[in-house]
Amino acid sequence: AKELVDLVQVAQEKPNAQQLTSRGFLRLSLQDAQGIVDLEQALAISPDSLKAKLILGYGYLKTKEYDKVLNITKEVIAEHPDDPRGFSLAILANFEDGQFDQLTPYLQKLEQLSPDNILLFIVKADEYERAKDYPNAITTIEKIFTINPFYIPAMVKYFQLNLELGT
């Protein structure tokens, strides 16, 4: 992957937003914070780039800069109200920040746009788990297996919930 980063050539005097976005994505996948700088530069060049906004949002999510993530999601949702990715990113930011009371409008919209979205089931299962309603949490996790039977985080959660029930 490091070799791929080196292959993405970005002209110093006139950088290309698409190349910066690609390099930023690669760097973030290697846990290199310089990827955020690349993505911020890409957006400075091409402020309407949905791809750069979404990747930068996930970069901010990794660095726990939740306010920045939510600012990006507001833009993405305003510009692309029928794209579930903006809502998913907003859910992740609020969820990871522990702002569970902020999830409802995003969850409702995501459910309209993408009713079989795995993130919906994960958040609902977590709500059940926090309420210690393990049978409903398990039932919700099982819905993930109909979409992706090999989704490892769901398998782990399924095992943990069944341990709580002693099954």
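Residues numbered from 1 in each chain as written. Predicted model: local features only at pLDDT ≥ 70, side-chain atom pairs only at ≥ 80, totals over all residues. Heavy atoms only, no water.

Turning our eyes to something else, we now look at a nonpolar patch on the surface. A cluster of nonpolar side chains, namely Phe150, Ile152, Met155 and Val156, defines an oily patch on the protein surface of about 420 Å² accessible area. Judged by its relative accessible area of 34%, Met155 is partly exposed. (Patch = residues over 30% accessible without salt bridge, like charges linked within 9 Å, V, L, I, M, F, W, Y side chains within 5 Å. Areas by Shrake-Rupley, 256 points an atom, 1.4 Å probe, with all protein chains shown as cover. Salt bridge = Lys/Arg side-chain N within 4 Å of Asp/Glu carboxyl O. Buried < 20%, exposed > 50% of the residue type's maximum accessible area, 1.4 Å probe, protein only.)

With that settled, the discussion passes to the pattern of salt bridges. Applying the stated criterion across every chain, the model contains 10 salt bridges. A salt bridge links Asp126 to Arg130; its shortest N-O distance comes to 2.7 Å. Of this pair, Asp126 and Arg130 both sit in helix 8 (residues 118-130), separated by four residues, roughly a single helical turn. Here Asp126 falls in the buried class, since its relative accessible area comes to 18%. Of the residues examined, Arg130 reaches a relative accessible area of 41% and is grouped as partly exposed. One continuous salt-bridge network, built from bridges that share partners, spans Arg23, Arg27, Asp32 and Asp38. (Helix = DSSP H or I, 4+ residues; strand = E, 2+ residues; numbered from the N terminus.)

Looking now at the nonpolar core. When a protein is soluble and globular, its nonpolar side chains tend to lie buried together. Counting 32 residues, the largest nonpolar core has Leu56 and Ile91 as the members making the most contacts within it. Within the residue set of this core, elements represented by two or more residues are helix 2 (17-29), helix 3 (34-45), helix 4 (50-62), helix 5 (66-79), helix 6 (84-96), helix 7 (104-113) and helix 8. Among the elements that make up this core, the one with the highest residue count is helix 4 (seven residues). With near-sequence residues (within four places) excluded, Leu56 lies in contact with Ile36, Leu39, Glu40, Leu43 and Ile72. Ile118, Phe121, Ile141 and Leu161 belong to the second-largest nonpolar core, a separate cluster that totals 10 residues. (Core = buried A, V, L, I, M, F, W, Y, C linked by side-chain atoms within 4.5 Å. Contact = heavy atoms within 4.5 Å.)

With respect to the helices and strands, Thr73 occurs in helix 5. Assessed through its relative accessible area of 1%, Thr73 is described here as buried. Not counting the four nearest positions on each side in its chain, Thr73 is found in contact with Gly86, Leu89 and Ala90.

For the structure shown, the criterion picks out two aromatic pairs. On the numbers, 5.6 Å between centres and 75° between planes, the contact of Phe95 with Phe100 is edge-to-face. Using a relative accessible area of 22% as the deciding quantity, one classes Phe95 as partly exposed. You can call Phe100 partly exposed: its relative accessible area is 29%. Ring centres of Phe145 and Tyr158 lie 5.5 Å apart, and the angle between their planes is 80°; on these two criteria the pair is classed as edge-to-face. In this pair, Phe145 is assigned in helix 9 (residues 134-147) and Tyr158 in helix 10 (residues 152-165), connecting sequence segments 13 residues apart. In this structure, Arg130 packs its charged tip against the face of Phe100, placed 3.7 Å from the ring centre. (Phe/Tyr/Trp six-rings, centres within 6.5 Å; stacked < 30°, edge-to-face > 60°. Lys NZ or Arg CZ within 6 Å of the ring centre and 35° of its normal.)

When two helices pack together, you describe them by how their axes are tilted relative to each other and by the distance separating the axes. The interhelical angle for the contact between helix 4 and helix 5, taken along N-to-C directions, is 155°, at an axis separation of 8 Å. Of the possible angle classes, the one that applies to helix 4 and helix 5 is roughly antiparallel. As helix 4 runs across helix 5, the sense of the crossing is left-handed. Between helix 4 and helix 5, the residues in contact are Leu50, Lys53, Leu54, Leu56, Gly57, Tyr60 and Leu61 and Tyr66, Lys68, Val69, Ile72, Glu75, Val76 and Glu79, respectively. Partitioning the contact of helix 4 with helix 5 into residue classes produces nine nonpolar, one polar and four charged. (Axes fitted to C-alpha atoms, helices over the stretch in contact; angles between N-to-C directions. Parallel < 35°, antiparallel > 145°, perpendicular 65-115°, else oblique. Left-handed = near helix turned anticlockwise from the far one by under 90°. Nonpolar A, V, L, I, M, F, W, Y, C, P; charged D, E, K, R; others polar.)

This part covers the confidence of the model for the protein. Model confidence for the protein is summarised by a mean pLDDT of 92, while 92% of its residues fall at 70 or above. Mean pLDDT per element in the protein: helix 1 (residues 2-7) is the minimum at 66, and helix 5 is the maximum at 97. (pLDDT = per-residue confidence, 0-100.)

The next subject is helix 10. The α-helix winds at 3.6 residues per turn, so residues separated by three or four positions along the chain end up facing the same way. The end-to-end C-alpha distance of helix 10 is 20 Å, a good match for the 20 Å that 14 residues give at a rise of 1.5 Å each. For helix 10, the full list of buried residues reads Ala154, Leu161 and Asn162. All buried residues of helix 10 fall inside an arc of 100° around its axis, so they share one side. In helix 10, the exposed positions angled more than 90 degrees off the buried face are occupied by Ile152, Phe159, Leu163 and Glu164. The inward-facing, buried residues of helix 10 abut helix 8 and helix 9. Gly166 sits one or two positions beyond helix 10 and adopts a positive phi of about 75°. (Expected span 1.5 Å × (residues − 1). Arc of directions from axis to C-beta.)

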